[in-house]
Amino acid sequence: MSGPTADWEKAGDSFYRKIKFYEAILDPELELEYHVIAGAVYGGALALYRDQERIQTYRSTPSFKSSIDVYSCAGRLIRRINWDKGNIRGLGWSDDEKLLVVTEDGTVRCYYDLHGDFTQFSLGNGAEEHGVVACRFWSHGLVALLSNNRLIAVSNYLEPRPRLLALPPSDMVHSWAIIPPAYTLSRSVEVLLAVGETLYVIDSTEAEDRVLPNGPFQHISVSPNGLYIALYAEGGKVWMIMSDFQSKIGEYESKTKTVPKDVQWCGNDSVVLAWEDEIHMIGPNGAFLRYYYDAWVHLIPDIDGVRLITNDVCEFLQKVPDATVEVHKYGSTSPASVLLDAVQQLESESPKADEDIQLIRPKLPDAVAICVEAAGQEYHSRWQKQLLKAASFGKSILDVYSSDDFVGVCETLRILNAVRDYRIGLPLTYEQYTRLTPVQLIRRLINRSEYLLAIRLSEFLRLPTNNIYVHWAARKARHSSADQESVCRSIVARLSSKRGISFEMIARAAYDEGHGDLATALLHHEARAGKQVPLLMSMSEDELALDKAIASGDPDLVFIVLLNLKKQIPLASFFRMLSNRPMAMALVETSARDQDTSLLKDLYYQDDRRLDGSRLLFSEALAQSAPQTKVDKLKLASKLLADSTKDSAALLTSRLIQETQSLIKVQSSLDNDRPASSQTKFTGLSLNQTVYQLVLGSQIKRANKLAADFHLPPKVSEWIRLRALVVARNWDELEDIARRNKKSPIGWEPYFNEILGAGKIKLAGGTFVAKCTNLTVSERSEMWIKCGMFSRAGDELVKAKDLEGLEKLKKRAGPEGAGEIERMMAGLRLKR
Amino acid sequence: MAPHPGIDTDQIREKIRRDLFGLLEGIQGKKNLVIEKSLADVIGIFVKFSTLQEHGVDKLFLLENNNVDSSQKNVVFLARGEKALKPIAVAEQIQRLQKNSSIEHDFSVIWAPRRTLVSDKILEESGVLGDLSVEVLPLYFVPLEQDVLSLCFEDSFSDIYLRRDPTSIFLGAQALMDLQNSHGLFPRIIGKGDQAQRLMELLLRMRSEAAAEDNATTFGPMPSAYVESLIVIDREIDMATPLLTQLTYEGLIDEMFGIQYNSAEIDSSIVGPAPGAQQPARAEGTVAPGLKRKIMLDSTDKLYDQLRDTNFAIVDGLLNKVARRLQSDMHSPRDAKSTSELKEFISKLPGYQAEQQSLRVHIGLTEEMLKHTQSEIFRRCLEVQQNLADGTDPSSQHDSIEELIARDVPLPIILRLLCLESCVSGGLRQRDLENFKRLLLQAYGYQHLLTLASLEKMGMLKIRASANILFNPLGAGSGTVENSSTNYNYLRRVLRLIVDEVDEQNPNDISYVYSGYAPLSIRLVQCILQKQSLLAFTRGTQAPSTANGVASASNTSHGWQGFESALSNVRGATFSKVQKGEDAATKARNMLQGSAGGKVKTVVLMFLGGITFTEIAALRFLAKQEEGRRKLLICTTGIISGNSIMDAVMEKEDFSKG
C-alpha cells in the first residue's frame, strides 16, 4: 500500500489531495459529454440525463427512450425515471436528497424518495409563456431564470409558493448564480446576474448594479459558506472576491483562451476550473494545480471539496485537513507525527519508541487529540487503524484522559466505512457526516432500501427504528407480487412486536397502489383509531370505519363517521346499520334530539319503537302553545300505542296520555271561565295544583268534581283540600268539615298539625285533638300541650291514670298551670 | 390531607392556569372572552376575573347568553366541542358578529379539553373555520381539593346512564392516561361495573395506541413506583347511595343549597353580607341578585375543613367549642402582661377576624339547616329512606310516600324515595309502580311522563322481575340474576351496610356519614384496601386498631380476593388487571431501585358517573385510617347528589305555553 501522502499535491502553503472513491463507475459506452449531471451534497446520488439539444455524434441505433437515471456515487443504478414531459431546464437536489426536475414550461417535479414517487407544482408567474432557461438550487429551494430574465424563487418544496424576485435588467445574461438565504443579510435568496460588463444582485425587492469593471463574466460561482464569489471573465481571468463586494481576495490568469465548461469552489479556499478533460485548481495566493484526465470530467461540488466524475472514476478533491497534514507531512516533527512514529517503532519492537514518547511527553495530550482527529479524516482503513493505534498508545501513557473523542471517532469511522462500501456508495467525509447528521444518513439508507444496514446503524446509534420498519413494509405492500394475504401476514409477523409502527402509513401506501384489500387488512393492525378511520372513510369502507370508530371508544370519531354515512347512504340502510350498534344508536339519538327530531321519528318508526315514538310526540306537544294543537299532538302520541294492547307499559302510557288530554281540555275551559281579575292560570298546572287552586278560590264543588273525574285517591284530595283551606285561612269550612265528618281518610292528626302550624291554636286544640281517637293518651296529651292547654292534657292523663306523665307535665306547665296539675295528681292519688 | 408525593394536584392546577394564560396572551391586544357557562364556573375555581383582566381580557360573556358585542377587535370563545350544540352556537355568534359588526374582528376558539372533528366540521360548514384560529386548552382533571380531581362534566351521569353517550368515559380514560403518562402506569387496575370495565379497556387500548404513536423510546411506560393501583367504581353498581340524604355537614349543605365547584350561593339573610368586595371571576349579567351571596366552601376555610366531613349532628357542638375558644382568644389581651405578649396577639388578630367571619357564616348555615332537619317533612323522608335502606318491607312505606306526594313535597325528593325503593329491593311491584306513576303525574304534572320514562330507561325505576329470587336473603351466588342488578338484601348482611350503633363524635366506621348506612361503593373500596379489618367488622368483632395496622398491610395486589361472593351480587363486570412494563426494563429498574418497600403509595380511585360529598367524606375517613401506609386520590367525572341526578332527568317543560 502506498504511503498516506501519495495522493497529495502542494499548492502554495497548503496540500490538496485527490481521493479515489470508486472505480469503474459508469458504463464506458455512456457518453458523459452529452449528459447533464447533478449530484446531491454529502456524497449523495447522481442524476444524469441525456441533453437532447447538444449536437451528438450519429448513432446507428436510434437513441433509446429518454430518461433520468439516478446512480449512487459508486455507479449503481438506483432508479431510472422515464421522462416524456418535455425539455428539462433544471436538474438539482435538495439537501435531503429530493430530486428536482424543472421543465421548460415551468413545471417542477419533486421526487421525494429515490423511487420515482413525486409531487408536482407549477412555477406560474409567466413561466409557461416565456419558458424556463435555467435553474439554480440550494439546500431546500430553487431559483428559475425565465427567457425574459425574470426570476422565480421557491423556498421550500413541502408547501411551494413560487414568487417573483425584483425586475432584473433585460440584457443578455452571461451567467448567474445564487447566494442561499442562510448566507445573505436579508435572509432571503439573492441572485447574481452577469449582465453586460457588470454584475447585478437581485433579491425580492430590488435589483442592484454592483458596478464591476472586468466583465463580461462567463462563470459565477459562490463558495459553500456563501462568503466568497469566483468570477471568470473572458480572456481567462479569474477573480475571487468577498460576497459583500468589498474586497478582492485573489486573481488568477489561466492562460487558456477556451472558456472552461464549469467553475466551482472546492471547499472555501480554492476554485476549480474544468475543461473537457483538464482541471485547474486555484489555491490561495495564486498557487495552482493542474490535473489531466483522458476522458470527459464533471464537477460535483460538495461542502468541503469537489467530486470529480468520469466514466471510470469517482474522485474527491479536497484540501488536506490540518490534523492530517500535521501527522503525515513529510519530515514533520510535530508531536502527533512523532507519536505515530513511536507506535511504528513499538511494532518493530524497537526501543526508539520510548525515546519518541519521552521526546513529546509534555505535548502528548495534543498529540493524541491530533491523531484521533486525523484518523477521522482518513479514508483508508489501514491508516485509520494506525492513527487510532497511535492515539490509543499515547492515551495509555497519560494519567488523565477523557476517551469521549476517541470512542466517538471510532464509532463514526465504523459507520463511515460501512456506508462508503461500494455496494452502498455513500462516500461521506467526516465533516459531511457531521453536517448531514445520523438521522438523515439513516433516511438516505432507507431511501436506498438498505433496510438491514439502516436498522443496524440505528441500533448502533441508539436511534428509533420504527420508521425503517414502516418504510420497509410500505415498500413491500406496494410492490410485492405475492398474494395480498400472505403479504399482509408477513408484514404483520415482522412488525407485530415493534413499537411506534404506523400501519396506517403502510395501508395508505398499499391503497395508493390500488391494493384495497391489503390496505384494509393492514389497517386492522393499526392501533390508533384516529388514523384508521379517516383512511377507511376515504376508501369507502364505511361500515368498517364505523366499527373501528366504535371500538376506539371515541365518540367524536363515531360521530364524524355517522355524519358522513348519513349523507351517503339511504336513510333506511343508515338506520339498519345503527340497529346492532348501540353506541352509534345512542349518539344518533342524542344529537337528533337536539337538532333533528324528524330523523328521530323516522328512526323510531323504522325500528318499531312505538313507546319512544309516542314520547317524542308527547314532548312535541309540550312545545305547542294552543290547547288544541297540544291535544292533537297528544292524540297522535296515544294513537301510536293503540295497537300495542299486550304491552302493559304501552297501555299505561296511552291511558296517561289520554288523561293529559282531558286535563288540558278541562284547564282551558277553566281558564275561559275564570274572572278577568283572577291571576291564576290553570293551564300548565298539575291536576293536584288545579284542584288546590280551585279550593283556594272557594270553588269547592268544582274541585270535588275534578277530583272525582280523575279518580284522585280520597287521601290525596283530602290533603289537597286541607292544605288549600289552611292557606286560604278558611277556618269556618275546616270546622264545618270536622263537624260533618266522623272520619277522615287521612285521620284528624294532619288537620291538627296543619292548623297548629298556621297558628290557629284554638281551632286546632279545641276541635281536632279530641277527634284523634286512634292515638294513644300520651300522644294526645302531647298535642294538648302543644296548644298550651295543659289542663286538657292533664285531663287526658288523669283518664289514663298516668301519674308519672302528670309529674312531667307539671314541670312543663310552669308556675301558672302547676297548681291545677297538682290538683289533678292529688285527685288521682286519692282515687287509688 | 397532606400533599401527595408523586401526583401533586397543585401542579395540575398550576398547569391549567399556565395553559390558559398562555393561550390568552398568545392573542395580541385586549380581547372579549365568550365562555361556556359550565366552563366559566370551572375556571372560576382557580382564576379570579381580575387575573383574567391582567391577561388582556376586557369583558366576559357567557356563550349561552348570546350577547357578545363588538367592543373589541379580538373575540375569543372558550367552549367544549364534544357535542354539536356548542360549536353551532359559536359558529352562529361568529356569523352574527361578522354580519352586524362595523369592524373586522379577529376570532379565536379555544376548545376544552380537545379539538374535535365534529367541531371542525361544523365550523367548516358554516364557513367560518378559515377566519379563525383554533386552540386547545387541555382541561381534563380539575383539582377541587388536594385529594379530589374532577372532570367537572355536569351531565356525565345522565350522559352515561340515560343517553348511553360514552363521551365522559372516553375523556375520563384520556385524563387517566394523562396521569399515567406523567406518573407511570397504574400497576393494577381493579374495578367493578360494566362502564368501569369499558374505561379499563379504553385505558389498555390507549396504551397500545400510544405505543404506535411513540417512536422515540424503545420501551413503553413503566408501572409507577409510587402509585399502587387504580380502582374504578362505576356509579351504576350503587345507585342507592346518592339517593339517600347526605348527612355530613358538606353533604347536607349540598342537599339544601347545592354546592357547585366549591362554592354555594346562599341567601345573605342566612350567612350575613359579604365582607369585602372580592368577587370571583364571573361573567357579565350573571351578578346574583343582592339577596344571594356566593361563599367559597373549600379547605382554605380552616373551620370548614374541620367541619365538612363530620356528621351534621355534631356540628352544632363543634361550632360552640370553636366559638368559646375564639372568644377566650380574643379576650386574651386582658391577661397579657408584657408588651411582647400584646404584640403577639396583635399579629394574630387578622387570623382571628377571618375565623370569626367564617364562624359567623357557619353558625348561620347551621341554624338554617337545623330548622330544616327538624321539620316534620324532612324527618318523615329520612325515616322512609332509612327504613328502605334497612330492608324493611318496602310496601310498609308506601303510605308514607303517598302522603308526602299528597302534601306536595318537591318532586325530586319523592323520586329519590321511589328510586331508592326500586334500587334496594330490585324494583317495585307492577301494581305499585303504576299506582305511583299516576299519583306522581297527577300531583306534579303529566309532563313527568317523560321524567319517569327516563328513570325507567336508566333502570333506576323498574318493575320487580320476580319477587322470590331477589327477596331471598340467601339468594347469594344463585347466579340466576347474572349481575343485572345489585342485590342489596344480600350485601346488607355480608358487607354490613347497616350499622346500628353509630358514634358520630368518634366514628369507627364509614357508616357515620349516613348515620347508620355505609355506602356500598365505599365498602367495595374497603374490600380491596382493608380486607382484614372489613372482614372482622362484618363479622361483628371489632378489629382492634393494632391488628388493623397489620391487616391492611395486605396490599391491593390481591384485587378483589376474599370478597368474590359479595362481588357476584353487585351489578356489572368485575375485573382486576395487572399492567406490566417490558420485562427487561422492569428488571433493570428493580436492580436500580431495590425493593421499594415501606414507601407510602397512592391509590387512585376513579368514580365513573360521579361521587357524592358523603362518599368523599367516607373515603377521607379511610384515608385517615390508612395514613402512613397509603394515600387516596379521588378522581371523578363530577360531583353529584340525588338532587342533581333528578334535576338532570326531570322534564323541564310543562303545558303552560300559550
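Quick caveat: nothing in here was measured; it's all calculated off a predicted structure.

Criteria and cut-off values
- Residues numbered from 1 in each chain as written.
- Chains lettered and ligands numbered in written order.
- Predicted model: local features only at pLDDT ≥ 70, side-chain atom pairs only at ≥ 80, totals over all residues.
- Heavy atoms only, no water.
- Domains from an automatic or database assignment.
- Core = buried A, V, L, I, M, F, W, Y, C linked by side-chain atoms within 4.5 Å.
- Buried < 20%, exposed > 50% of the residue type's maximum accessible area, 1.4 Å probe, protein only.
- Helix = DSSP H or I, 4+ residues; strand = E, 2+ residues; numbered from the N terminus.
- Pairing = 2+ DSSP bridges.
- Axes fitted to C-alpha atoms, helices over the stretch in contact; angles between N-to-C directions.
- Parallel < 35°, antiparallel > 145°, perpendicular 65-115°, else oblique.
- Left-handed = near helix turned anticlockwise from the far one by under 90°.
- Contact = heavy atoms within 4.5 Å.
- Nonpolar A, V, L, I, M, F, W, Y, C, P; charged D, E, K, R; others polar.
- Buried area = accessible area lost by both parts, 1.4 Å probe.
- Salt bridge = Lys/Arg side-chain N within 4 Å of Asp/Glu carboxyl O.
- Polar contact = N/O pair within 3.5 Å; in protein donor to acceptor, adjacent residues only side chain to side chain.
- Phe/Tyr/Trp six-rings, centres within 6.5 Å; stacked < 30°, edge-to-face > 60°.
- Lys NZ or Arg CZ within 6 Å of the ring centre and 35° of its normal.
- UniProt positions renumbered as here; feature names shortened; annotations may be inferred.

It is worth spelling out the domain arrangement of chain B at this point. Partitioning chain B into domains gives domain 1 (9-139), domain 2 (249-363) and domain 3 (376-469). Here the C-alpha centroids of domain 1 of chain B and domain 3 of chain B sit 43 Å apart.

Okay, the nonpolar core next. Within soluble globular proteins, side chains that are nonpolar generally end up buried alongside one another. Judged by nonpolar contacts, the single largest core of 246 residues is most densely connected at B:L52, B:M460, B:L495, B:L524, B:M606 and B:L619. Sort the elements by how many residues they give to this core and helix α17 (residues 411-424) of chain B lands first, with nine residues. Of all hydrophobic cores here, the second largest spans 72 residues; its members include A:I506, A:V533, A:A549 and A:I550.

All names here are of chain B. Within the open sheet, the seven strands sit side by side as β6-β7-β14-β13-β9-β8-β12. Their pairing is mixed. Both outer strands of the open sheet, β6 (142-145) and β12 (574-578), are each paired with one neighbouring strand and no more. Sheet twist, expressed as the mean angle between neighbouring strand axes with direction ignored, is 20°. For strand β8 (residues 188-192) and strand β9 (residues 227-234), the ladder comprises four bridges, and the chain directions are parallel. Each bridged residue has a counterpart across the sheet, and for K192 the counterpart in β9 is I233.

The subject of this paragraph is the packing of helix α16 (residues 398-406) of chain B against helix α18 (residues 430-444) of chain B. Residues and elements named next belong to chain B. It is at 10 Å that the axes of α16 and α18 come closest, and there the two elements cross at 15°. The orientation of α16 relative to α18 falls into the category roughly parallel. In the packing of α16 onto α18, the handedness of the crossing is left-handed. Where α16 approaches α18, its residues H398, I401, E402, L404 and I405 are matched on the opposing element by D432, N435, F436, L439, L440, A443 and Y444. Considering only residue class, the contact of α16 with α18 consists of eight nonpolar, two polar and two charged.

Residue and element names in this part refer to chain B. Turning to its location among the elements, P187 is positioned in the loop between α7 (167-183) and β8. Between the C-alpha atoms of P187 and S224, which are 37 residues apart in sequence, the distance is 6.5 Å. Excluding anything up to four places from it in sequence, P187 contacts P223, S224, V227, E228, S229, K577, V578 and Q579.

Interface extent is often summarised as the accessible area lost during association of the parts. If you look at the interface, chain A gives 64 residues, while chain B gives 59 residues. Contact with chain B buries area across many residues of chain A, yet A:R499, A:D556 and A:L622 alone supply 14% of it, more than any other trio. Between the two partners, chain A and chain B, sit five salt bridges. In this structure, A:K715 and B:D399 form a salt bridge, with 3.8 Å as the shortest nitrogen-oxygen distance. The interface formed by chain A and chain B holds 16 residue pairs in polar contact (both at pLDDT 80 or more) in total. Looking at which element gives the most residues to the side of chain A that touches chain B, the answer is helix α23 (residues 648-673) of chain A, with 10 residues. When the residues that make up the side of chain A that touches chain B are grouped by side-chain class, the tally is 31 nonpolar, 17 polar and 16 charged.

To continue, consider the pairing of strand β6 (residues 77-82) of chain A. Residues and elements named next belong to chain A. Bridging between strand β5 (residues 67-71) and β6 involves five bridges; their strand directions are antiparallel. For S67, the partnering residue across the bridge sits in β6 and is N82. Turn length for the β5-β6 hairpin, with the two strands adjacent in sequence and antiparallel, is five residues, and the turn residue G75 shows positive phi of about 90°.

The geometry of an aromatic ring pair is captured by two quantities: the separation of the ring centres and the angle between the planes. Residue and element names in this part refer to chain A. Per the counting criterion, the structure on display carries 19 aromatic pairs over all chains. With centroids separated by 5.4 Å and ring planes inclined at 50°, the aromatic side chains of W8 and F15 adopt a geometry described as tilted. Using a relative accessible area of 11% as the deciding quantity, one classes W8 as buried. Measuring from ring centre to ring centre gives 5.3 Å for Y111 and F118, while their planes differ by 55°; the resulting arrangement is tilted. Here the aromatic cluster, defined as three or more aromatic residues joined through ring pairs, consists of F21, Y22, F316 and Y379. A cation sits over an aromatic face here: R109 above F118, 3.9 Å from the ring centre. Positioned over the ring face of W748 is K771, at 4.7 Å from the centre of the ring.

All names here are of chain A. Burial within strand β27 (residues 298-302) is extensive, with four of its five residues counted as buried. One ladder, built from five bridges, connects β27 with strand β28 (residues 305-309); its direction is antiparallel. Bridging across to β28, I300 finds its partner in R307. From the end of β27 to the start of β28, which pair antiparallel, there are two residues.

Taking the UniProt record as the reference, the feature "domain: Vps16 C-terminal" (unreviewed entry) is found at residues 501-816 of chain A. Within residues 501-816 of chain A, the helical portion is 75% and the strand portion 0%, while the C-alpha atoms at the span's ends are 95 Å from each other.

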